Amino acid sequence: MVKVKADGSGFDFVDDSTTPTAGAITSAMLAPNAVNTAAIGDGQVTAAKLAKGVIPAAYTLPAASVTALGGVKKGVAVPNVAADADAAALASAFNSLLTQLRAAGVIAA
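These remarks concern the structure in this document. It should be emphasised that the depicted structure is a prediction, and the values quoted were computed from it without experimental measurement.

### Structural notes on the overall build of the protein chain
Next up, step 1: Within the protein chain, the regular secondary structure consists of 1 helix and 2 strands.
Next up, step 2: Of the regular secondary structure in the protein chain, the N- to C-terminal order runs β-β-α.
Next up, step 3: Its C-alpha atoms give the protein chain a radius of gyration of 35 Å, clearly above 13 Å, the size a compact globule of 109 residues would have.
Next up, step 4: Along the first, second and third principal axes, the C-alpha atoms of the protein chain reach 115 × 25 × 20 Å.
Next up, step 5: A buried classification covers 3% of the 109 residues belonging to the protein chain.
Next up, step 6: Pairs at least 24 apart in sequence give 19% of the contacts found in the protein chain among residues at least 6 apart.
Next up, step 7: Summed over all atoms, the accessible surface of the protein chain reaches about 9600 Å², with 61% contributed by carbon and sulfur.

Laid out in C-alpha cells, this is it:
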C-alpha cells in the first residue's frame, strides 16, 4: 500500500494487511452473497463450527405399531397356491403368509 508521509515529503510503501480478530466481522458487514460455496475452502466448514440445530440429528425410522406408522421389512416370496389345492395346502400357504407378515413387522406376532 502506498502511504503519503505525514510531512508531505513523499510516500512510503507499507504492509497494511491485518487479520481481523475473531468475531470482529458480523453478517451485517458483509455484502449480499459475499460468502458462497466458491469462497469457502474444502473441509473448512465442519459440524463443530455450525450453530446447534443447523445439521439435524440422524433420522432413525421407527418400527410400525398398531398406533404409529413406521418402517417394515420386505418379506420373502410366498409361492402361489395351486387352483386345485386341498384344504391342508391352503392352510399351509395361509400360515406361511401370516408368518412372513409377522416377521416383516406388518402384523403383530
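### A look at helix 1 (residues 87-104)
Next up, step 1: The terminal C-alpha atoms of helix 1 lie 26 Å apart, and with 18 residues this matches the ideal 26 Å at 1.5 Å per residue to within 8%.
Next up, step 2: Three or more residues of helix 1 are buried, namely Ala93, Leu98 and Ala104. Angularly, the buried residues of helix 1 cover 140° about the axis, an arc narrow enough to put them on a single face. In this structure, helix 1 carries Ala87, Ala88 and Ala103 as exposed residues pointing more than 90 degrees from its buried face.
Next up, step 3: Of the residues flanking the end of helix 1, it is Gly105, one or two places downstream, whose phi is positive at about 90°.

### Considerations on the environment of Ala77
Next up, step 1: Counting through the fold element by element, Ala77 comes out in the loop between strand 2 (11-13) and helix 1.
Next up, step 2: In this structure the C-alpha to C-alpha distance between Ala77 and Gln100, which are 23 residues apart in sequence, comes to 8.6 Å.

### Topic: the packing of aromatic side chains
Next up, step 1: Counted according to the given criterion, the structure contains 1 aromatic pair.
Next up, step 2: Between Phe11 and Phe13, the ring centres sit 5.7 Å apart and the planes meet at 90°, which makes this aromatic pair edge-to-face.
Next up, step 3: Classification of Phe13 as exposed rests on a relative accessible area of 67%.

Thresholds, definitions, all that
- Residues numbered from 1 in each chain as written.
- Predicted model: local features only at pLDDT ≥ 70, side-chain atom pairs only at ≥ 80, totals over all residues.
- Heavy atoms only, no water.
- Helix = DSSP H or I, 4+ residues; strand = E, 2+ residues; numbered from the N terminus.
- Rg over C-alpha atoms; globule rule 2.2 N^0.38 Å.
- Buried < 20%, exposed > 50% of the residue type's maximum accessible area, 1.4 Å probe, protein only.
- Contact = heavy atoms within 4.5 Å.
- Areas by Shrake-Rupley, 256 points an atom, 1.4 Å probe, with all protein chains shown as cover.
- Expected span 1.5 Å × (residues − 1).
- Arc of directions from axis to C-beta.
- Phe/Tyr/Trp six-rings, centres within 6.5 Å; stacked < 30°, edge-to-face > 60°.

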